[in-house]
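Each chain, written out:
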Amino acid sequence: MIRPLYTIKEIYRNKNIYIWNINRNSIDLFIDIAFKKINIQGFVTIQQEYVGQTYMNRPVVDIEQVKQDKDSIIFLADEVPLENLKGIEGIEAVYWSESQEINKELHQKKIIIYGTGEGAKALIESLTEENLEEALYCVTKKGEGSSLYNDKKIIEVGELKEYVDYAIIISTLKARYRKEILAELLDFEGVIYLKTQWIIEGSDVLNFIQNIDLALQRDRKIYLYSYK
């Protein structure tokens, strides 16, 4: 099971969430939010020609409609310039990167970090800030003489069957290696955590979401296929 490494902060979880605008960045944001199993009320725009339409089965509304909802909050893609946020005075709004925190589920887990490179170093810092500590490390194949990292044991992926009660966090920064790691972990029975933006990156995911929206607009049935 894959779970998000970061979730939205507690203070936002009971809010009525809207996403700013409809473009490539807001669609990426929607996918990220959906992967975290967070419901949104709709999309908000200042372009009146889109108001009243639906996207991903959610209404497109204008700013005045959001202002009437006292429990609302607008999530902004990090790429949105401040000068583009006209008319949202009086509405709570937050950039996506500022709305998230490390998944608190990890406080109940024994943690394995997959990878021992630069991504692992950055991840260790983030875990330490949240009073979390890794138990050991995993790599696809150990180099000669490499049995410890950061004073913790290193295991190979083939040994993970002995650690099904642990949670794995993938730290590898390169997309190609992450895909290879996920393939290696297909039979792992525990929980895998990773940054959701790593899953949704690339034009193929955007095309996938646009096709789902098209199917919804045409009231078509949607079937998902996976080889595992």
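Provided above is the structure to which this section pertains.
Computed from a predicted structure; not experimentally measured.

Points about a nonpolar patch on the surface
Point 1. Together, Phe 208, Leu 216, Ile 222 and Leu 224 line one region of the surface with nonpolar side chains, adding up to about 380 Å² of accessible area.
Point 2. Along the chain, Leu 216 falls in helix H6 (residues 203-217).
Point 3. You can call Leu 216 partly exposed: its relative accessible area is 36%.

A look at the nonpolar core
Point 1. Counting residues in each nonpolar core, the largest one holds 34 residues, and the members touching the most others are Trp 20, Ile 33, Val 44, Ile 74 and Phe 75.
Point 2. Per element, the largest residue contribution to this core is five residues, and it comes from helix H1 (residues 24-35).
Point 3. Ignoring any residue separated from it by four or fewer positions in sequence, one finds Ile 74 in contact with Tyr 18, Ile 19, Trp 20, Val 44, Val 66, Ile 88, Ile 91, Glu 92, Ala 93 and Val 94.

What about unusual backbone geometry?
Point 1. One non-glycine residue, Asn 21, adopts positive backbone phi at about 70°.
Point 2. Note on placement: Asn 21 falls in the loop between strand S3 (16-20) and H1.
Point 3. Here the phi dihedral of Asn 150 falls at roughly 55°; this positive angle occurs in a residue that is not glycine.
Point 4. Relative to the elements of secondary structure, Asn 150 occurs in the loop between strand S12 (148-149) and strand S13 (152-156).

Rules and cut-offs
Each chain carries its own residue numbering, running from 1 in the direction its sequence is written. Where local features are concerned, this predicted model is filtered to residues with pLDDT of at least 70; where side-chain atom pairs are given and counted, the filter is 80 or more; whole-chain, interface and lining totals use all residues. Only heavy atoms go into the side-chain values, all of them from the structure, while hydrogens and water stay out. Grouping into patches uses exposed residues only, defined as over 30% relative accessible area, and leaves out salt-bridged ones; the cut-off is 9 Å for like charges and 5 Å for nonpolar side chains (Val, Leu, Ile, Met, Phe, Trp, Tyr). Only the protein chains shown count as cover for residues, with accessible areas throughout obtained via the Shrake-Rupley method and a probe of 1.4 Å. Take a side-chain nitrogen of Lys or Arg and a carboxyl oxygen of Asp or Glu: if they are within 4 Å of each other, that pair is a salt bridge. Each helix corresponds to a stretch of at least 4 residues labelled H or I by DSSP, and each strand to a stretch of at least 2 residues labelled E; elements are numbered beginning at the N terminus. To sort residues, take the accessible area from a 1.4 Å probe on protein chains only and compare it with the maximum for the residue type: under 20% means buried, over 50% means exposed, and anything in between is partly exposed. Grouping buried Ala, Val, Leu, Ile, Met, Phe, Trp, Tyr and Cys residues that are joined through side-chain atoms within 4.5 Å yields what is termed a nonpolar core. Note on contacts: a residue pair qualifies if any of its non-hydrogen atoms lie within 4.5 Å across the two residues.

None of the figures reported here should be taken as evidence of function without further support.
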